[in-house]
Amino acid sequence: MADMLNHKRPRETKWTFSDAENGFIITTLKGMSSGDEVYDSYGRKCNSRFFVNYGFSLDENEDNEVVMGLRIPKSDPHYSMKVRFLGGNPNSVHREYQIPMSYKEKKTKECFSFLRFAHARDSEMMLLHSADGLKLEEIEPLSIENEKKVLASLEESAKEVLAGFDTSLAEDLKMLKDGVYPMFSNIRNAIVMRRGEKEVLHYYLDLTKRCSHLLDLQWKDLKREAAKCYNSEQAADVYITTVVVPLVRKCR
């Protein structure tokens, strides 16, 4: 019965099993009237998890994620050193990260951290090698050029993933707008799910374009460009204020 409740965030109910009542108890967290729908929260998840595990997709879901395949190329002049750092297994230079748009999320920071390591050169490698207790998943921005290469790798991977779909984001949006498939049907839920993945991929394409430009600016020019980002919770603006601004301020 409880599994039939629709999802809603922020949550409006809590649940527990009562030994005394020998039953499953749902308690509302707000006042309710007769006839009101009772919702449960399935937590923060991407649509791929909602769809596969619970059979639905959210039309609006800021927690959508996509799998990005990343690698350290053998042409890297520090390839052998990096393989040794990763434990000596050549397979470890290929990684997959399932990431959302938000840079605040741990999994996103781990993805960026790996790419900073992947693109580290010369003095950057010496800095990483000499760091005490260095953790691969906690590498902060190294340099402007390194961060531009990080973004370029995300752009390349996003293009590869997008090329694997049979439809474009624009085509998915049109199908959903035109109501081609019934609301709540499995096929519509699947389209909503893949649309969310494509939106994340397009976000990283746009982020690369926008931030590559910002990383090329002198500090005095960037201050003006970035001023409007500080009071924003948009994913790109958060990345700009937490990564791009400190990096340019330090290096230029």
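Residues numbered from 1 in each chain as written. Predicted model: local features only at pLDDT ≥ 70, side-chain atom pairs only at ≥ 80, totals over all residues. Heavy atoms only, no water.

Asker: Account for the overall build of the protein chain, with residues named and values stated.
Answerer: Counting its secondary structure elements, the protein chain contains 9 helices and 6 strands. Projecting the C-alpha coordinates of the protein chain onto the three principal axes gives extents of approximately 65 × 50 × 40 Å. Among the 252 residues that make up the protein chain, the fraction classed as buried is 43%. In the protein chain, 65% of the contacts between residues at least 6 apart in sequence involve partners at least 24 apart. Accessible area of the protein chain: about 14800 Å², with a carbon and sulfur share of 51%. (Helix = DSSP H or I, 4+ residues; strand = E, 2+ residues; numbered from the N terminus. Buried < 20%, exposed > 50% of the residue type's maximum accessible area, 1.4 Å probe, protein only. Contact = heavy atoms within 4.5 Å. Areas by Shrake-Rupley, 256 points an atom, 1.4 Å probe, with all protein chains shown as cover.)

Asker: Outline the packing of helix 8 (residues 219–226) against helix 9 (residues 235–251), supporting the account with residue identities and numerical values.
Answerer: Packing of helix 8 against helix 9 brings their axes to within 9 Å, and their N-to-C directions diverge by 165°. When the interaxial angle is binned, helix 8 and helix 9 end up roughly antiparallel. As for how helix 8 packs across helix 9, the hand of that crossing is left-handed. Here Trp219, Leu222 and Ala226 of helix 8 come into contact with helix 9, specifically with Ile240, Val244, Val245, Val248 and Arg249. (Axes fitted to C-alpha atoms, helices over the stretch in contact; angles between N-to-C directions. Parallel < 35°, antiparallel > 145°, perpendicular 65-115°, else oblique. Left-handed = near helix turned anticlockwise from the far one by under 90°.)

Asker: Residue-level account of the environment of glutamate 199, with values.
Answerer: Along the chain, glutamate 199 turns up in helix 7 (residues 186–215). Sequence separation between glutamate 199 and phenylalanine 56 is 143 residues, and the spatial gap between their C-alpha atoms is 18 Å. With residues near it in sequence (within four places) discarded, glutamate 199 still touches Met101, Leu169 and Leu173.

Asker: How would you sum up the nonpolar core? Please name residues and give values.
Answerer: Counting 52 residues, the largest nonpolar core has Phe112, Leu154, Tyr204, Leu207, Leu222, Tyr239 and Val244 as its most contacted members. Discounting residues that sit within four places of it in the chain, phenylalanine 112 has contacts with Tyr103, Glu147, Val150, Leu151, Leu154, Tyr204, Leu207 and Tyr239. (Core = buried A, V, L, I, M, F, W, Y, C linked by side-chain atoms within 4.5 Å.)

Asker: Account for the environment of leucine 115, with residues named and values stated.
Answerer: Looking at where leucine 115 falls in the secondary structure, it is placed in helix 3 (residues 106–118). Of the residues examined, leucine 115 reaches a relative accessible area of 0% and is grouped as buried. Here leucine 115 is in contact with Leu70, Val150, Ser153 and Leu154, once residues within four sequence places are set aside.

Asker: I'd like to hear about a nonpolar patch on the surface, residue by residue, with values.
Answerer: On the surface, Trp15, Phe17, Phe24, Ile26 and Val38 cluster together into a nonpolar patch covering about 480 Å² of accessible area. Those elements that provide at least two residues to the nonpolar patch are strand 2 (13–18) and strand 3 (23–28). Residue placement: phenylalanine 17 occurs in strand 2. With relative accessibility at 47%, the residue phenylalanine 17 sits in the partly exposed group. (Patch = residues over 30% accessible without salt bridge, like charges linked within 9 Å, V, L, I, M, F, W, Y side chains within 5 Å. Salt bridge = Lys/Arg side-chain N within 4 Å of Asp/Glu carboxyl O.)

Asker: For the packing of aromatic side chains, give the residues involved together with the corresponding values.
Answerer: The geometry of an aromatic ring pair is captured by the separation of the ring centres together with the interplanar angle, meaning the angle of the planes. Applying the stated criterion across every chain, the model contains 12 aromatic pairs. On the basis of an interplanar angle of 80° and a centroid distance of 4.6 Å, the ring pair of tyrosine 42 and tyrosine 54 is categorised as edge-to-face. Of this pair, tyrosine 42 sits in the loop between strand 4 (39–40) and helix 1 (47–54) while tyrosine 54 sits in helix 1; the two residues are 12 residues apart in sequence, bridging distant segments of the chain. The exposure class assigned to tyrosine 42 is buried, which follows from its relative accessible area of 11%. The partly exposed category is assigned to tyrosine 54, whose relative accessible area is 35%. Both rings, one in tyrosine 103 and one in phenylalanine 112, keep their centres 5.2 Å apart while their planes meet at 85°; by these two values the pair is edge-to-face. Pair check on accessibility: tyrosine 103 and phenylalanine 112 agree, each one buried. Linked through ring pairs, Tyr42, Phe50, Tyr54 and Phe56 together constitute an aromatic cluster. The lysine or arginine in question, lysine 82, covers the ring of phenylalanine 117, its NZ or CZ lying 5.9 Å from the ring centre. (Phe/Tyr/Trp six-rings, centres within 6.5 Å; stacked < 30°, edge-to-face > 60°. Lys NZ or Arg CZ within 6 Å of the ring centre and 35° of its normal.)

Asker: Would you mind going over the environment of serine 80 in detail, with residue names and values included?
Answerer: Secondary-structure assignment places serine 80 in helix 2 (residues 79–85). As for serine 80 and proline 90, which are separated by 10 residues in sequence, their C-alpha atoms are 8.9 Å apart.

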